[in-house]
Amino acid sequence: MSHEHRPHRTDDLAPQHAPGEAADPHGTEDLAARRARALAMGGATKVARVHAAEKLTVRERIDLLVDAGSFRETGLLSHSDLPEARDKTPADGKVCGYGAIEGRTVYVSGEDATVLAGSGGRVGVKKDHDAMAYAARKGFPLVSLGDGGGARIPDIMGAIGMMSMVYPIDGPPRDRRVPFIATILGECYGGPTWKAAVADVVIQVKGAIMAVSGPPVLAAATGEIVTNEEIGGWELHAKVTGQVDLFAESEPDCMTLVRRVLSYLPDSADDLPPVARTGDPAERRLDDILDVLPARAKVAYDMHKILTRVFDAGSMLETKALYDASLITAFARLDGHPVGVLANNPMQRAGAMGPGACEKATAFICLCDSFHLPLVFFHDTPGFFVSKAAEEKKMPLKIMTFIEALHHSTVPRLSVVVRKSYGMAHCNMSGGNMRSDYLVAWPTADVSFMAPEAAANVVFGRKVGDFDAPEGPRAELIENMKRMNAPWDAAGAGLFDDVIDPRDTRRALVEALRRAMGPRGDRGRSERRLASWPRMF
């Protein structure tokens, strides 16, 4: 492993003592020795074991994450309060402190897997909890580097142990005052998992595990035999639970993702998101976008190809990409301004949104609104996915929670109807009557309660006995409904702000965003009504 943390040498700094002088009158040598022991973590053998598993130590991870030389540790000399563990628990297994990412101060903490397998001791857990609360009060983003197996058994067993280490709510509740990014870098149970469950963004390295308890605990408690991957692997969280937002191929890749996510978010809710310089002209015309959109309305296409042309070049970062992929949620930039994107993807179930899509939409709206990121919607959906399985997952509740999040959001909202936008899903995608700052259609827009063909089936299904050959009247009805669904009548009634040439979409959205942000650029600030909503529903 090329990236190796080396403890500071102290022998070259030792002062020369005159005869009869106290060996260490100011205690500096003792201090240096204590610091060196703490920086050595669990010792060379355990560090080598971590490297043999092709992993990094917590200190190496921090070195990768923050700007070179910027990390300042707090609580380095802490250790277990149990006498028998005092000398075996440098920093009590928690490395905490402040560093800089692109010059911005952040609080970072992580479990030291070389110290009792990264388990949480009473002193280390309190150190981290108190430091996180302090950093949040002062307005610094939080980053958790998870790699631990939960609470340390000697510390938490018994009434005193449990009651002194139980999850504390003595401080203010989690209200998204500062961005909180949690990473899953090893086998994470208990503490690191609880952090991830309340974090704003979770990033998991493939091969790492996130669960409440590990297979041995499940086997002992219930007799259930499972593997780590089955209860907490990346594919479970990517496709089934949706609890993880981004996945990394390696630990260095994970640290790069942390830095990238933070680039879209402000230091705290007191600030607006950072605007980046971009070489991508605001007025750039999307000359090839008509080549992406099929001429036939029933032919699917990949919405990603639309989005990457509209937003600043290279700025898209999709979250929960494999969790109900009928809806795309992504960070992006528009003329340098960070925005949140919600877009239907016709390549997945024709863009019909299921329970998972509603969950990730609600979570993403809460995140963006809490940190003042405007929302940009792209419609191409036949409605919500209806099925027995969807109803078993409380589909009506998911749909209305999505709507309620939209109702409570107060950041600017821009909405583009590309093709179909049917039923309640039209509302959920910030359509008519939803207070959008800017609602426009492409000429291909098709807006109604349901598809004309489906509506005709309903109508003639009831009257089929009245017609010997219903295809003629049915076809005429379908054509009439298609004309009604087109954007022209709605634009004439003032229900659309405009019908635009698709090639002008980028310019139109940039100008709309500038208006929504106001003359000084500060009118996009949210009232943060969603800041205390849970992370997922």
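Our structure's up above, just so we're on the same page.
Residues numbered from 1 in each chain as written. Predicted model: local features only at pLDDT ≥ 70, side-chain atom pairs only at ≥ 80, totals over all residues. Heavy atoms only, no water.

**Observations concerning the overall build of the protein chain**
Argument step 1. When its secondary structure is counted, the protein chain shows 21 helices and 17 strands.
Argument step 2. Seen through its principal axes, the protein chain has C-alpha atoms that stretch 115 × 60 × 40 Å.
Argument step 3. Across the 537 residues in the protein chain, those meeting the buried criterion constitute 51%.
Argument step 4. Residue pairs at least 24 apart in sequence account for 74% of intrachain contacts in the protein chain once pairs closer than 6 positions are excluded.
Argument step 5. Across the protein chain, the centroid of the 64 positively charged side chains sits 2 Å from that of the 70 negatively charged ones. (Helix = DSSP H or I, 4+ residues; strand = E, 2+ residues; numbered from the N terminus. Buried < 20%, exposed > 50% of the residue type's maximum accessible area, 1.4 Å probe, protein only. Contact = heavy atoms within 4.5 Å. Lys, Arg positive; Asp, Glu negative; His and termini not counted. Charge placed at Lys NZ, Arg CZ, Asp CG, Glu CD.)

**Topic: the packing of aromatic side chains**
Argument step 1. On inspection of all chains with the given rule, the structure shows six aromatic pairs.
Argument step 2. On the numbers, 6.2 Å between centres and 70 degrees between planes, the contact of Phe311 with Phe378 is edge-to-face. Linking Phe311 in the loop between helix 13 (303–310) and strand 10 (317–319) with Phe378 in strand 13 (residues 375–381), this pair joins segments that are 67 residues apart in sequence. Each member of the pair, Phe311 together with Phe378, is buried.
Argument step 3. Ring-pair connections join several aromatic residues into one group, and the members of that group are Tyr98, Tyr107 and Phe140.
Argument step 4. Above the plane of the ring of Tyr264 lies Arg333, whose end atom (NZ or CZ) is 4.4 Å from the centre.
Argument step 5. Just above the ring of Phe385 sits the side chain of Arg349; from NZ or CZ to the centre is 4.5 Å. (Phe/Tyr/Trp six-rings, centres within 6.5 Å; stacked < 30°, edge-to-face > 60°. Lys NZ or Arg CZ within 6 Å of the ring centre and 35° of its normal.)

**As for the packing of helix 14 (residues 355–370) against helix 16 (residues 395–408)**
Argument step 1. Where helix 14 meets helix 16, the axes come as close as 9 Å, and the angle between the chain directions of the two elements is 20 degrees. Between helix 14 and helix 16, the crossing angle belongs to the class labelled roughly parallel. In terms of crossing hand, the pair formed by helix 14 and helix 16 is left-handed. Residues Pro355, Cys358, Glu359, Ala361, Thr362 and Ile365 of helix 14 form the contact with helix 16, whose participating residues are Met395, Lys398, Ile399, Thr401, Phe402, Ala405 and Leu406.
Argument step 2. Class assignment for the residues of the contact of helix 14 with helix 16 results in nine nonpolar, two polar and two charged. (Axes fitted to C-alpha atoms, helices over the stretch in contact; angles between N-to-C directions. Parallel < 35°, antiparallel > 145°, perpendicular 65-115°, else oblique. Left-handed = near helix turned anticlockwise from the far one by under 90°. Nonpolar A, V, L, I, M, F, W, Y, C, P; charged D, E, K, R; others polar.)

**Details of the side chain of Asp245**
Argument step 1. Residue placement: Asp245 occurs in the loop between helix 10 (234–241) and strand 9 (246–248).
Argument step 2. Within polar-contact distance, the side chain of Asp245 engages the backbone nitrogen of Val202 at 2.8 Å.
Argument step 3. Within polar-contact distance, the side chain of Asp245 engages the side chain of Arg535 at 2.5 Å.
Argument step 4. In this structure, Asp245 is in contact with Asp200, Val201, Val202, Glu318, Thr319, Lys320 and Arg535, ignoring residues within four places of it in sequence. (Polar contact = N/O pair within 3.5 Å; in protein donor to acceptor, adjacent residues only side chain to side chain.)

**Topic: the nonpolar core**
As a rule of thumb, nonpolar side chains are buried together in soluble globular proteins.
Argument step 1. In this structure, Leu65, Ile203 and Phe331 are the most contacted members of the largest nonpolar core, which totals 77 residues.
Argument step 2. Here the element with the most residues in this core is helix 14; it accounts for eight residues.
Argument step 3. Excluding its chain neighbours within four sequence positions, the residues that come into contact with Phe331 are Val201, Tyr264, Leu265, Ser315, Met316, Leu317, Thr319, Val339, Phe364, Leu367 and Leu373. (Core = buried A, V, L, I, M, F, W, Y, C linked by side-chain atoms within 4.5 Å.)

**Concerning the sheet that holds strand 5 (residues 180–184)**
Pairing between the strands of a sheet comes from backbone hydrogen bonds, and it takes one of two forms, parallel or antiparallel.
Argument step 1. Spatial ordering of the open sheet is given by 1-2-3-4-5-7-9, a layout of seven strands whose pairing is mixed. Strands at the two margins of the open sheet, each flanked by one partner only, are strand 1 (72–74) and strand 9. Here the average twist between neighbouring strands, direction ignored, is 25 degrees. (Pairing = 2+ DSSP bridges.)

**Description of helix 7 (residues 191–198)**
Argument step 1. The complete set of buried residues in helix 7 reads Pro192, Thr193, Lys195 and Ala196. Seen along its axis, helix 7 keeps its buried residues to an arc of 160 degrees; they face one direction. (Arc of directions from axis to C-beta.)

**What about unusual backbone geometry?**
Only a minority of non-glycine residues have a phi that is not negative, and only a minority of peptide bonds are not trans.
Argument step 1. Phi angles above zero are rare outside glycine, and Asp324 is one such case at about 45 degrees.
Argument step 2. Following the sequence through the fold, Asp324 ends up in the loop between strand 10 and strand 11 (327–334).

**A short note on the layout of surface pockets**
Empty pockets left among the atoms are what a rolling probe the size of a water molecule brings to light.
Argument step 1. In this structure, the second largest pocket encloses a volume near 630 Å³.
Argument step 2. Lining the second largest pocket we find 26 residues, and of these Ala297, Lys298, Lys420, Tyr422 and Asp446 sit closest to its centre.
Argument step 3. The set of elements that each furnish at least two residues to the lining of the second largest pocket consists of strand 14 (413–422), helix 18 (452–463) and helix 19 (471–485).
Argument step 4. If you tally residues by element for the lining of the second largest pocket, the top one is strand 14, at three residues. (1 Å grid on protein atoms, 1.4 Å probe; cavity = no way out; pocket = protein on both sides within 12 Å on 5 of 7 lines; lining within 4 Å. Points joined across faces, edges and corners; volume = space filled by probe spheres on them.)

**A few points about the pairing of strand 13**
Within a regular beta strand, the side chains point alternately toward one face of the sheet and then the other, so they alternate between its two faces.
Argument step 1. Burial analysis of strand 13 places seven of its seven residues in the buried class, which makes it a mostly covered element.
Argument step 2. Here strand 13 shows a buried face lined by Leu375, Phe377, His379 and Thr381 and a second buried face lined by Val376, Phe378 and Asp380.
Argument step 3. When strand 12 (residues 337–344) meets strand 13, the two strands line up parallel, connected through four bridges. Looking at the pairing, Ala343 lines up with Phe378 of strand 13.
Argument step 4. Note that strand 13 and strand 14 share six bridges and pair parallel.

**Considering empty space enclosed by the protein**
Argument step 1. Tallied over the full model, the rule gives two cavities of 30 Å³ or more.
Argument step 2. Volume-wise, the largest cavity comes out at about 130 Å³.
Argument step 3. Along the walls of the largest cavity sit 15 residues, with Asp200, Asp245, Ala363, Phe364 and Leu367 positioned nearest its centre.
Argument step 4. Within the residue set of the lining of the largest cavity, elements represented by two or more residues are strand 11 and helix 14.
Argument step 5. It is helix 14 that contributes the most residues to the lining of the largest cavity, four residues altogether.
Argument step 6. Roughly 30 Å³ of volume is contained in the second largest cavity.
Argument step 7. Lining the second largest cavity are Val50, Leu56, Thr57, Val58, Arg61, Glu111, Asp112, Ala113, Thr114 and Asp147.
Argument step 8. Of the residues that constitute the lining of the second largest cavity, the class distribution is four nonpolar, two polar and four charged.

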